Amino acid sequence: MPILVSALLWGTTGTAASFAPAGAPAAGIGAAALALGGALLFLTDRAASALPRVCGVGERWLLLVGAVAVVGYPVTFYPAVTRTGVAVSTVIALGSAPVFTGLLGWLARQGRPSGRWAGATALAVLGCGVLVLGPELVGEGGAAVDPLGLLLAALSGLSYAVYSLIAGRLIAAGHPSGGVMGAMFGGAAVLVLPVLLAGPTGWLLSVRGAGVVLHLGVITTFLAYRLFGHGLRHTSAQTATTLTLAEPAVAAVLGVAALGERLPTVSWCGLAVLAGGLAVLTIPGRR
């Protein structure tokens, strides 16, 4: 349940970001949200500052790689959106993340993906693709597909998979989930500052700009990743990344309800397939 609540919160990202001032760069919005949310995750959990001292050398390296991967997501995803559009970038990033997580977890000997996971993930990825790409499929949209944009979107999915696996491994080793997420995102908050300062920052001083960053930093980063870390204590990273495919479903429904967007029938069918895949994964199987 915490994983699905995290996806629900992440699903508000696009709607919230749409209220940012006109001069706010997409990468700057993501960097500001990560800087604020990462700092909150680090400062509100005492275990976050103590974790690097109690970890072994190998686990310290994992924390560093995890922090770099956290930064890697917004740094690659937002340029991908600029080059190839929101719909295609979302499908590639979120659809590739569970696949990368399953493969990397298998290679790292964290467990071979089950047939049930593979089937549910295939259904969820298919539903996600049909849901998000529905307008393009029926000729109501037509963003140009850029090869570099596709590569950047896939790299963002890889980044998400890497830090999810690292967080899951450290939590499974007995470290507190809040400390793990706080240490990784606290490090990422420092690493992402140059990205934020490299672009215009005046928009942060406006009421709308500050409001958007507060929502993204507090709700979709701090609260969502605190819940995500708690969920990783009881759920494998492979399953968790598949469950977060609920995010585009929430974003689509919010777009219809709050922004007046319209979804074609094929997108609603994709939403139903996505829900079916998530149901297969969440309903307890037979003993």
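Residues numbered from 1 in each chain as written. Predicted model: local features only at pLDDT ≥ 70, side-chain atom pairs only at ≥ 80, totals over all residues. Heavy atoms only, no water.

What about the overall build of the chain?
Note the threshold: Where helices and strands are cited, they refer to DSSP runs of H or I of at least four residues and of E of at least two residues respectively, numbered from the N terminus. Only protein chains enter the area calculation, which uses a 1.4 Å probe; residues under 20% of their type maximum are buried, those over 50% are exposed, and those in between are partly exposed. We get accessible surface area from the Shrake-Rupley algorithm with a probe of 1.4 Å; when it comes to residues, only the shown protein chains can shield them.
A tally of regular secondary structure across the chain gives 14 helices and zero strands. Going from the N terminus to the C terminus, the chain shows its helices and strands as α-α-α-α-α-α-α-α-α-α-α-α-α-α. Taken over 287 residues, the chain has a buried fraction of 48%. When the accessible surface of the chain is split by element, carbon and sulfur atoms take 70% of a total near 13,100 Å².

Structural notes on the side chain of Ser164
Filter applied, for reference: Whether two residues touch is decided by their heavy atoms; if any such pair falls within 4.5 Å, the residues are in contact.
Mapped onto the secondary structure, Ser164 falls in helix H8 (residues 147–172). Every residue in contact with Ser164, bar those within four places of it in the chain, is listed here: Phe228, Leu232, Ala237 and Thr241.

Some thoughts on the packing of helix H5 (residues 57–84) against H8
Counted only if it meets this: A fitted line through C-alpha atoms serves as each axis, taken over the contacting stretch for helices, and the angle formed by two N-to-C directions is quoted from 0 to 180°. Throughout, the term roughly parallel applies to angles under 35 degrees, roughly antiparallel to angles over 145, roughly perpendicular to angles from 65 to 115, and oblique to all others. With the far helix as reference, a near helix turned anticlockwise by less than a right angle produces a left-handed crossing, and one turned clockwise produces a right-handed crossing. Gly is placed with the polar residues, together with every amino acid not listed as nonpolar (Ala, Val, Leu, Ile, Met, Phe, Trp, Tyr, Cys and Pro) or charged (Asp, Glu, Lys and Arg).
Relative orientation of the contacting elements H5 and H8 amounts to 155 degrees, with a least axis distance of 7 Å. It follows from the interaxial angle that H5 and H8 lie roughly antiparallel. Viewed along their axes, H5 and H8 form a crossing whose handedness is left-handed. Looking at the contact of H5 with H8 residue by residue, the class counts come to 19 nonpolar, seven polar and three charged.

Quick look at the environment of Ala33
Assignment of secondary structure puts Ala33 in helix H3 (residues 26–43). Of the residues examined, Ala33 reaches a relative accessible area of 6% and is grouped as buried. Here the alpha-carbon distance between Ala33 and Leu214, two residues 181 residues apart in the chain, equals 7.4 Å. Excluding residues within four positions of it along the chain, Ala33 makes contact with Gly38, Val213, Leu216, Gly217 and Thr221.

Brief notes about the environment of Leu51
The topology assignment puts Leu51 in helix H4 (residues 46–54). Along the chain, Leu51 and Gly182 lie 131 residues apart, while their C-alpha atoms are 9.3 Å from each other. Discounting chain neighbours no more than four positions away, the residues touching Leu51 are Leu63, His175, Gly179, Val180 and Ala183.

Overview of the packing of H5 against helix H9 (residues 177–191)
Any two packed helices are characterised by how steeply their axes cross, that is the angle between the axes, and by the distance between the axes. Between H5 and H9, the shortest axis-to-axis distance is 8 Å and the interhelical angle comes to 55 degrees. Viewed along their axes, H5 and H9 adopt a mutual orientation that is oblique. When the axes of H5 and H9 are compared, the crossing they make is right-handed. Every residue of H9 that contacts H5 at Leu63, Gly66, Ala67, Val68, Val70 and Val71 is listed here: Val180, Ala183, Met184, Phe185, Gly187, Ala188 and Leu191. When the residues that make up the contact of H5 with H9 are grouped by side-chain class, the tally is eleven nonpolar, two polar and no charged.

So, the confidence of the model for the chain
In plain terms, the rule: pLDDT expresses, on a scale from 0 to 100, how confident the predictor is about each individual residue.
Per-residue pLDDT for the chain averages 80, and the proportion of residues at 70 or more is 81%. By mean pLDDT, helix H13 (residues 246–259) is the weakest element of the chain at 66, and H9 is the strongest at 92.

Regarding the packing of aromatic side chains
The line we're drawing: Centres within 6.5 Å are what make two rings of Phe, Tyr or Trp a pair, Trp counting through its six-membered ring; a difference in plane orientation under 30 degrees is then read as stacked, over 60 as edge-to-face, and the rest as tilted.
Here the structure, examined in full by the defined rule, presents eight aromatic pairs. Relative to Tyr225, the ring of Phe185 has its centre 4.4 Å away and its plane inclined at 40 degrees; by these criteria the two rings are tilted. With Phe185 in helix H9 and Tyr225 in helix H11 (residues 207–232), the pair connects residues that are 40 residues apart, well separated along the chain. Accessibility classification places Phe185 together with Tyr225 in one group, the buried group. A network of ring pairs unites the aromatic residues Tyr73, Phe77, Tyr160, Tyr163, Phe185, Tyr225 and Phe228 as a single cluster.

Quick word on H3
The periodicity of an α-helix, 3.6 residues per turn, causes residues three or four positions apart to be oriented the same way. Heads up, the rule is: Each helix should span, by expectation, one fewer than its residue count multiplied by 1.5 Å.
For H3, which comprises 18 residues, the first-to-last C-alpha distance of 26 Å matches the rise-based estimate of 26 Å (1.5 Å per residue) to within 8%. For H3, the full list of buried residues reads Gly28, Ile29, Gly30, Ala31, Ala32, Ala33, Leu34, Ala35, Gly37, Gly38 and Leu41. The elements touched by buried residues of H3 are H4, H5, H9, helix H10 (193–197) and H11.

Brief notes about the side chain of Thr220
Along the chain, Thr220 falls in helix H11. Beyond its immediate sequence surroundings of up to four residues, Thr220 is in contact with Leu9, Trp10, Thr12, Thr13, His215 and Tyr225.

Some remarks on a nonpolar patch on the surface
For the record, the criterion: Each patch is built from residues that are more than 30% exposed by relative accessible area and take part in no salt bridge. Like charges join if they lie within 9 Å; nonpolar side chains (Val, Leu, Ile, Met, Phe, Trp, Tyr) join within 5 Å. Just to be clear on terms, a salt bridge is a Lys or Arg side-chain nitrogen sitting within 4 Å of an Asp or Glu carboxyl oxygen.
On the surface, a nonpolar cluster with roughly 510 Å² of combined accessible area is contributed by Val57, Trp61, Leu64, Val68 and Leu191. Looking at the nonpolar patch element by element, the count peaks at four residues for H5. Note that Val68 resides in helix H5. Judged by its relative accessible area of 48%, Val68 is partly exposed.

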